[in-house]
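Letter by letter, the chains look like this.
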Amino acid sequence: MAGAVALGLGGGLSASAEAFDLRIVVGQEDEDLAQTLQNASLLVELQSRENVAVQDIIASARADYERLVTALYGEARYAPVVEIKIDGREASSLSPFYTPKSIENVEIRVKYGPLFRFGRAEVAPVAPGSELPEEFATGEPARVGVLRDTVDAGITGWRAVGYAKAELGGQSVTARHAQQQIDAGIRLAPGPRLTFGRLLVSGNKAVRTERIHDIAGFPSGHVFSPEELQRVSTRLRRTGAFRVVALKEAESVGAGNTLDVTAQLVESPPRRFGFGAEISSVDGLGVSSYWLHRNLFGGAERLRIDGAISGIGGETGGTDYTVSLRFDRPATFNEDTDFYIESKAERLHEESYTTKSFELGAGIRRYASAEREYSLGLGYRFADVTDAFGRRSYALLMAPASATFDYRDDPLDAKNGYYAKTELTPFYALRGTDSGLLGTLDMRAYKSVGTEDRLTFALRGQLGSLSGPDLTTAPSDFLFYSGGGGTVRGQSYQSLGVDLGGGVTVGGRSFMGVSAETRYRITDTIAAVGFYDAGYIGRESFPDGTSGNWHAGAGLGLRYSTGLGPLRLDVAVPVSGPGDNSGVEFYLGIGQSF
């Protein structure tokens, strides 16, 4: 047939006792449409298998008539002719009891006709704010999927303004073959505007029902909103007490146009423990473990105890020990505010200082939205420190506060959006140092371009500031260093600080860091990365560049996508900065560097 596209599959034109030849012939020259038909065909799927039974071939051929026509309707081709021949005989004419010993050849021939476009394209009534597909318009290709999407968008629009039982009231679709047009009319039935009724709970065994109501914050009496239902689901999920959370709307409308909702829950196992280990040529061996209880008192309260030992055999000063405990109670003041108590005992043996510390604090965490989170607390900290200025101890009262804005499309592998987190900790010195303010800021932005967003530009900026105490009296673990995987790759861990002379270095009261990455996705699972990092440490309380030094590093990396985030390998070299910067550094981890 002149101008036809033919696809030969599975071993060309050769035949064997264990396989059959399949040929798809499209009546007009359209390779994209031929590929669409190939993707829809069950026969094509069978072709890749071994030892296919003849009954399966015949059954797949019969099913392919409908599948191929449906695929053509999806491409706005409404006058197709589909022929499927098995060893020269039309598959639709074969007896259901026809079972030949073997099948050698199957041929699919398709004549799909002209492209149909929308003539009349109407949908009514439409709720205010509805976002209907732009493709549902006069002159656009009349694909079946567009009709389906228009119905879904219309119903979604009505549900968004309180009409929970909106549905398709009717539709008319008329093909005018002479004009190659489809006239489509869609009628929606919004039904009554509803308000939320009761929240019913099922499936809970250990978590008390009254606490589930407190956590869910179900808006009884408010106008129905899918967004409110999503918030209820999110509140229940983030407790960690439930493995499954499903909200089911009642089938029928209640008295006064109310709608009850049932929370169908499956609880998570209450206790969990885990452990991990990592090794690095620089950091040495680190081991960690935790124990977690998800429902301590029957109200989805969470208790977690962590322990870690790190720096074993490493080059970062010595072995570090940390033990911490944290208790969280969800929905303490309202459904979006949690209460926490935490404590931590720690011994750090860094190259520039050694500290033994204990912290105890309590506070609240506020979930303002899915993207915004705030926290405020009060705490006490005691530490015994040995550094370049000798041995001393201090005690502080602190009021840590933080704000987080996370508008990334994927926290583990962001391609677009931005992230910002600021932490401010004013502290009052009971003894051993001066009162002051510790602040940090971390900002990240992402932009992807090109086909399927394969090229991503990522930028990160960091700021740190300590005001109040000077270098000689400041808490050593409140000071800033630069170098290593979290700041400047290619430079040794905490290699940049404030040089006191004679080979003695301490941290600075200010820090500034800038990182830029270009990520290119080579395949669906592999990406290449180029990066440049720079960091600044200064004596001054705000990083204005008047008394400090910069250093920088650059390198290349690879990313391999996994279900837990990309596996990351970076190789970096120093670019500039004081001190010995002749080495090559390697970094391996899960997730992007930022």
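Provided above is the structure to which this section pertains.
What counts and what doesn't
- Residues numbered from 1 in each chain as written.
- Predicted model: local features only at pLDDT ≥ 70, side-chain atom pairs only at ≥ 80, totals over all residues.
- Heavy atoms only, no water.
- Pairing = 2+ DSSP bridges.
- Helix = DSSP H or I, 4+ residues; strand = E, 2+ residues; numbered from the N terminus.
- Axes fitted to C-alpha atoms, helices over the stretch in contact; angles between N-to-C directions.
- Contact = heavy atoms within 4.5 Å.
- Parallel < 35°, antiparallel > 145°, perpendicular 65-115°, else oblique.
- Left-handed = near helix turned anticlockwise from the far one by under 90°.
- Nonpolar A, V, L, I, M, F, W, Y, C, P; charged D, E, K, R; others polar.

**Student:** An account of the sheet that holds strand S9 (residues 195–202) is needed here, citing residue identities and associated values.
**Tutor:** Strand order in the open sheet made by the 3 strands is S9-S11-S10, with mixed pairing throughout. Here the strands that pair on one side only, and so sit at the sheet edges, are S9 and strand S10 (242–249). Averaged over neighbouring strand pairs, the angle between their axes works out to 20° when direction is ignored. Examined bridge by bridge, S10 and strand S11 (residues 258–267) share 7 bridges and lie antiparallel to one another. If you follow Leu247 over to S11, its bridge partner there is Ala263. On the sheet, helix H5 (residues 209–216) packs against S9, S10 and S11 and is oriented at approximately 140° with respect to S9. The sheet strands contacting helix H6 (residues 226–238) are S9, S10 and S11, and the helix crosses S10 at an angle near 160°.

**Student:** Break down the pairing of strand S17 (residues 354–367) for me, citing the residues and quoting the values.
**Tutor:** Examined bridge by bridge, strand S16 (residues 337–349) and S17 share 13 bridges and lie antiparallel to one another. Along S17, the bridge assignment pairs Thr337 with Arg366. Across 14 bridges, the pairing between S17 and strand S18 (residues 372–387) is antiparallel. Looking at the pairing, Thr355 lines up with Val385 of S18. Taken together, S17 and the strand that follows it, S18, pair antiparallel across an intervening segment of 4 residues.

**Student:** Could you give me a rundown of the packing of helix H1 (residues 31–40) against helix H3 (residues 54–74), with the residues and numbers involved?
**Tutor:** It is the contact of H1 with H3, at a shortest axis distance of 9 Å, that shows an interaxial angle of 140°. As judged from the angle between their axes, H1 and H3 are oblique. In this structure, H1 meets H3 at a crossing whose hand is right-handed. Two secondary-structure elements touch here, H1 through Leu33, Thr36, Leu37 and Ala40 and H3 through Asp64, Arg67, Leu68, Ala71 and Leu72. When grouped by side-chain class, the residues that make up the contact of H1 with H3 number 6 nonpolar, 1 polar and 2 charged.

Fair warning: the whole summary comes from geometry, so function is off the table for now.
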